[in-house]
Amino acid sequence: MKRRKFDVAAVPGNTARAVDDRFQVATPLRRLLNKVFPDHWSFLLGEIALFSFIVLLLTGVFLTFFFEPSMTEVIYNGSYAPLRGTPMSAAYASSLDISFDVRGGLIMRQMHHWAALLFMAAIVVHMLRIFFTGAFRKPRETNWIIGSLLFWVGFLAGFTGYSLPDDGLSGTGLRIASAIMLSIPVIGSWVTTSIFGGEFPGTIIISRFFIAHVLLIPALLVALISVHLGLVFKQKHTQWPGPGRTNGNVVGERMFPRYAIKQGGFFMVVFGVIALMGGLFQINPIWLFGPYEAWVVSAASQPDWYVMFLDGSTRLMPDWEIFIPIGDGYVIPPLFWPTVVLPGILVGLSTLYPFLEARYLKDYRSHNLLQRPRDVPFRTGLGAMAITFYVILTLSGANDVIADKFHISLNAMTWAGRIGLLILPPIAYYVTYRLCLGLQQHDREVLAHGVETGIIRRLPDGRFVEVHQPLSAPDEHGHGELPYAGWVVPKKMNRLGALGPAVRGFFYPIEKPAEAPVSPGHPPVEPRAERAEIGSGEKQS
Amino acid sequence: MTSDNDRRRGLLARLRGRPVARSRGRRRLGAAVRLVAALMLAGGAYTLLAPSASAQDNPPLSTAAADGKALFDVSCVTCHGRNAQGVEGRGPSLIGVGAASVEFQVSSGRMPMARQEAQAARKPVVFSPDEIDQLAAYVQELGGGPVVPAGDNLHADGNVAIGGELYRINCSQCHAFSGGGGALSSGKYAPSLRPATDRQIYAAMLSGPQNMPVFGDNQITPEQKADIIAYIQQTLNSDGDPGGFNLGRYGPSTEGIAIFLVGIVALVFASLWIAGKS
């Protein structure tokens, strides 16, 4: 009998041994694959941004195969009839070709745009999670700064991409960008002319933005993301406090195989959601905006959502022009404050926040355990304040659409935005602060008195009291002695196992529910005894 | 001397030869004839060119216009006054606005107005088409003005591409790239073009209703008007949105809402689900 020479089952092992013999990777790889990640849904928000960035790279590469970054004037002769014969730039014509004549081009363009919006949205949501749980504290300040920079670099990536199709909307955005650059005192006109190669719009800006959008900014993003993830590896992940979790360990799942497989699955989900949105929802119908002409500005011209706060701040800014009588006179236009100074302050505040907070709290220790937002009311309040500020600016960026569709005067919207921008953030701070204190108090109350059972007991003297289930052995006053551990306090009886085991299945049971064990608190219910007729007590014949 | 005089006199005089002395009687007769002729010329020119409206106090209304006046006296007189001369603080004069204006305002339900506000809104039509014609005839006979050409399809020979360019230059500032309308100051707005008929768009361009400027035939020729209407009706109002659900075509504002309500919400649930599987 001939023995088999080639054993398929041994191929992976042999290959791995061969690789290890040559490169000695087994030890570091084992260390890597055994790395432990804590498991909580809120730790996956950053992954949404990472995965949508991968989708951006994939779809973006496809788009570069067909996009022509040139402002040479051509006569459109593609298949979109309402623009046929119209003179336009080659960039716009090729964007139309991607939308109408390249197979699969439109869904790729739409996926790219949706992925860009999702990338920025996921960055913001992820950043909020980091902020509200205190994950940015020492030793992770650097990663917080890199994350903030990622938002602003993503902002630039989004804006340059928004400008590339050279349709009416992107040209309007470019016009505003050039005005913002011009508004910078002293250097404004030099900045503008060097970027645009002369007066706006010039003939070079699309080619320059193209290189920035497909090479420089993505390279910067990849570099920042690599350092960001590398630091998460090096500094290890934060975790929520809980049983067995301390400031000095990480409790969770090994990276390989479960965590890696889950992440792979999550990437597929993100890809699927972006593909569905790209296929189902029309985004940026460039063919309706027409080619950019300096004299064409459509109503409801807005930037994408992550730039809209700048549009909003511009709309809310009063027309305070500062005239400086030096020489022939010098003017600082009002546009300078909401579009250059405000983002500058926001960048500074957001990147420096970890240091400001550490200084304020005089807390220079390392923290690997997260805090619940309610336990640090001032930080949660500040976050609520920042969100309110940002949301008001963003809504004001679309205030003409809101005014039109909800039948509100545009002037009223502007004034509501101006007043709201000053009044609502402090109110949000106060309300959030009080909410946090209330939640803290309730946690302490449950720890001291126990969980509300919902059982009302009537005492012999006629009083009603609610029965509480203590969480620990009570002292002589009926108070528990449990300290607050910084994690969820059970507040419902079913969190304490008062209900039977849950029936598995979503919407309908996939198993036969087991006979629920009778809880000692609930004696089996006997059928009601027949009531005797109430009488006078005397026996009737 | 003589040659000098000849040179100084005009060419006609030299051709006519030396002046012949005429008798006084002939000269007087000629003057009288010339005077009569001049008077007849001036009178005739005045009769032909002078505005004739003042000559007649009450031009007889046509039957349709008389019916229109009856409707006017019931439904419009409160704000536009007894002879459509307007009421201070309530409604403008309708003298000279033309049938186009009546057709636009009444056929889109804007008139009669429900209440005094920043701008009259489109609402269900009150009058029948015949009644609208009668009202239009009345206002037209009051003081003339622009009239919409006959026919329901005014964009039959319009060029969509030219219309699109004209639309983006002249209309999209207020009605937006999508024709969905947009906000103006102090509660005024440019309405959506979606429900507008050919005749209404044409009438609006001719008459400049409410906050809209007039686009007379000197600014946008009738052919160009047909192009614009063709673009609005064939592209904006009947475009199938090749990219899918158009999110109301409000531009990036609703796209931003969609990415949070659909994208982020779906993925947060997905992360809850995935993190829960342990």
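Residues numbered from 1 in each chain as written. Chains lettered and ligands numbered in written order. Predicted model: local features only at pLDDT ≥ 70, side-chain atom pairs only at ≥ 80, totals over all residues. Heavy atoms only, no water.

### A short note on the overall build of chain A
The secondary structure content of chain A amounts to 16 helices and 8 strands. Rg of the C-alpha trace for chain A: 31 Å, well past the compact-globule value of 24 Å for 541 residues, more than 25% over. Its C-alpha atoms put chain A at 110 × 90 × 60 Å along the principal axes. Looking at the 541 residues of chain A, the share that counts as buried comes to 42%. Within chain A, contacts between residues separated by at least 24 positions form 72% of all contacts whose residues are at least 6 apart in sequence. With the model as given, the accessible surface of chain A reaches about 30400 Å², and the carbon-plus-sulfur share is 66%. Charge separation in chain A, taken as the distance between the mean sites of 46 positive and 39 negative side-chain charges, equals 11 Å. (Helix = DSSP H or I, 4+ residues; strand = E, 2+ residues; numbered from the N terminus. Rg over C-alpha atoms; globule rule 2.2 N^0.38 Å. Buried < 20%, exposed > 50% of the residue type's maximum accessible area, 1.4 Å probe, protein only. Contact = heavy atoms within 4.5 Å. Areas by Shrake-Rupley, 256 points an atom, 1.4 Å probe, with all protein chains shown as cover. Lys, Arg positive; Asp, Glu negative; His and termini not counted. Charge placed at Lys NZ, Arg CZ, Asp CG, Glu CD.)

### Some remarks on the overall build of chain B
In terms of regular secondary structure, chain B is built from 12 helices and 2 strands. When the 278 residues of chain B are sorted by exposure, 38% land in the buried category. Sequence-distant contacts, at least 24 apart, represent 59% of the contacts inside chain B between residues at least 6 apart.

### Details of helix α7 (residues 168–182) of chain A
Over its 15 residues, α7 of chain A runs 21 Å from end to end, which matches the ideal 21 Å to within 8%, given 1.5 Å per residue. Burial within α7 of chain A is extensive, with 11 of its 15 residues counted as buried. Inspection of α7 of chain A places G168, L169, S170, G171, T172, G173, L174, A177, S178, I180 and M181 of chain A among the buried residues, and these make up the whole buried set. Where α7 of chain A is buried, its residues touch α6 (141–163), α8 (188–196), α9 (205–235), α11 (286–289) and α13 (336–361) of chain A together with α12 (252–276) of chain B. (Expected span 1.5 Å × (residues − 1).)

### Here we look at the domain arrangement of chain B
Residues and elements named next belong to chain B. You can read the domains of chain B as domain 1 (63–142) and domain 2 (160–236). On a C-alpha basis, the centroid separation for the pair domain 1 and domain 2 is 22 Å. Each partner contributes to the interface: domain 1 provides 13 residues, whereas domain 2 provides 16 residues. Between domain 1 and domain 2 lies a buried interface of about 1200 Å² when both sides are counted; carbon and sulfur atoms form 49% of it. (Domains from an automatic or database assignment. Buried area = accessible area lost by both parts, 1.4 Å probe.)

### Structural notes on the UniProt feature "domain: Cytochrome c" (unreviewed entry) in chain B
Look at the UniProt record and you will see "domain: Cytochrome c" (unreviewed entry) annotated at residues 63–236 of chain B. Spanning residues 63–236 of chain B, this segment combines 47% helix with 2% strand, and its end C-alpha atoms are found 40 Å apart. (UniProt positions renumbered as here; feature names shortened; annotations may be inferred.)

### As for the UniProt feature "domain: Cytochrome b/b6 N-terminal region profile" (unreviewed entry) in chain A
When the UniProt feature table is mapped onto this chain, "domain: Cytochrome b/b6 N-terminal region profile" (unreviewed entry) is found at residues 15–241 of chain A. Measuring from the first to the last C-alpha atom of residues 15–241 of chain A gives 42 Å, for a span that is 68% helix and 4% strand.

### Focus: the interface of chain A and chain B
Contacts between the two partners involve 64 residues from chain A, matched on the other side by 51 residues from chain B. Three residues stand out in chain A for area buried against chain B, namely W41, Q282 and L288 of chain A, and they jointly supply 15% of the buried area on that side. Applying the counting rule to chain A against chain B returns 0 salt bridges. Of all the secondary-structure elements, those providing two or more residues to the side of chain A that touches chain B are α3 (45–64), α5 (105–133), α10 (255–280), α11, α15 (399–405) and α16 (410–449) of chain A. Take the side of chain A that touches chain B: its biggest share by element is 11 residues, from α10 of chain A. Classifying every residue of the side of chain A that touches chain B by side-chain character gives 42 nonpolar, 13 polar and 9 charged. (Salt bridge = Lys/Arg side-chain N within 4 Å of Asp/Glu carboxyl O. Nonpolar A, V, L, I, M, F, W, Y, C, P; charged D, E, K, R; others polar.)

### Here we look at the UniProt feature "transmembrane region" (unreviewed entry) in chain A
Residue and element names in this part refer to chain A. When the UniProt feature table is mapped onto this chain, "transmembrane region" (unreviewed entry) is found at residues 42–67, 113–132, 144–164, 209–233, 264–283, 335–356, 376–395 and 415–433. End-to-end, the C-alpha atoms of residues 113–132 are 29 Å apart, and along that stretch the chain is 100% helix and 0% strand. Secondary structure across residues 209–233 comprises 100% helix and 0% strand; the distance between its end C-alpha atoms is 34 Å.

### Some remarks on the pairing of strand β8 (residues 464–469) of chain A
Residues and elements named next belong to chain A. Two elements, strand β7 (residues 451–458) and β8, share 5 bridges in a ladder whose sense is antiparallel. By the bridge assignment for β8, R457 is matched with V465. The hairpin turn running from β7 into β8, its antiparallel successor, is 5 residues long, and G462 in that turn takes a positive phi close to 95°. (Pairing = 2+ DSSP bridges.)

### Notes on the UniProt feature "transmembrane region" (unreviewed entry) in chain B
Taking the UniProt record as the reference, the feature "transmembrane region" (unreviewed entry) is found at residues 256–275 of chain B. Secondary structure across residues 256–275 of chain B comprises 100% helix and 0% strand; the distance between its end C-alpha atoms is 27 Å.

### A closer look at the packing of aromatic side chains
Counted according to the given criterion, the structure contains 37 aromatic pairs over all chains. For the ring pair F37 of chain A and Y259 of chain A, a centre distance of 4.4 Å and an interplane angle of 0° mean the geometry is stacked. Of the two residues, F37 of chain A is situated in strand β1 (residues 36–37) and Y259 of chain A in helix α10; the sequence distance between them amounts to 222 residues. On the basis of relative accessibility, which here comes to 7%, the residue Y259 of chain A falls in the buried class. Taken together, a centroid distance of 6.1 Å and an interplanar angle of 75° make the contact between F51 of chain A and F266 of chain A edge-to-face. Remark: F266 of chain A occurs in helix α10 and F51 of chain A occurs in helix α3; sequence separation between them is 215 residues. An identical accessibility class is assigned to F51 of chain A and F266 of chain A; each is buried. Three or more aromatic residues joined by ring pairs make a cluster, and in this case those are F151, W152, F155, W305, Y306, F309 and Y390 of chain A together with F260 of chain B. Over the face of the ring belonging to Y484 of chain A we find R444 of chain A, whose NZ or CZ atom lies 4.1 Å from the ring centre. (Phe/Tyr/Trp six-rings, centres within 6.5 Å; stacked < 30°, edge-to-face > 60°. Lys NZ or Arg CZ within 6 Å of the ring centre and 35° of its normal.)

### Thoughts on the side chain of K35 of chain A
Residue and element names in this part refer to chain A. By the element assignment, K35 lies in the loop between α2 (26–33) and β1. Within the buried core, K35 has no salt-bridge partner, and the shortest N-O distance to an opposite charge, that of E47, equals 12 Å. Among all residues touching K35, those that are not within four sequence positions of it are F233, K236, E253, R254 and M255.

### Observations regarding the packing of α5 of chain A against α6 of chain A
Residues and elements named next belong to chain A. Between α5 and α6, the least distance of the axes is 10 Å, while the angle of their chain directions is 160°. In terms of their interaxial angle, α5 and α6 are classed as roughly antiparallel. Pair α5 / α6 crosses with left-handed handedness. Residue-level inspection shows F119, M120, I123, V124, M127, I130 and F131 of α5 in contact with α6, the latter providing W144, L150, F151, G154 and F155. Of the residues assigned to the contact of α5 with α6, the class counts are 11 nonpolar, 1 polar and no charged. (Axes fitted to C-alpha atoms, helices over the stretch in contact; angles between N-to-C directions. Parallel < 35°, antiparallel > 145°, perpendicular 65-115°, else oblique. Left-handed = near helix turned anticlockwise from the far one by under 90°.)

### Some thoughts on helix α10 (residues 198–207) of chain B
Residues and elements named next belong to chain B. In terms of residue burial, α10 counts as a mostly covered element, since 10 of its 10 residues are buried. Within α10 the residues assigned to the buried category are D198, R199, Q200, I201, Y202, A203, A204, M205, L206 and S207. Those residues of α10 that are buried are in contact with α6 (98–107) and α11 (222–236).

### Observations concerning the pattern of salt bridges
All names here are of chain A. Scanning the model with the defined rule gives 17 salt bridges over all chains in all. Measuring nitrogen to oxygen at the nearest pair gives 3.5 Å for the salt bridge that ties D363 to R365. What makes D363 buried here is its relative accessible area of 16%. Its salt-bridge partner being K491, residue D443 comes within 2.7 Å of it at the nearest N-O pair. Taken together, the residues D443 in helix α16 and K491 in the segment after β8 connect sequence positions 48 residues apart.

### Re unusual backbone geometry
Residues and elements named next belong to chain A. The omega torsion of the bond from F200 to P201 falls at -5°, within 30 degrees of zero and hence cis. Here P201 lies in the loop between α8 and α9. One non-glycine residue, V186, adopts positive backbone phi at about 65°. Assignment of secondary structure puts V186 in the loop between α7 and α8. For K236, which is not glycine, the phi torsion reads 65° and is therefore positive. Relative to the helices and strands, K236 resides in the loop between α9 and β4 (253–254).

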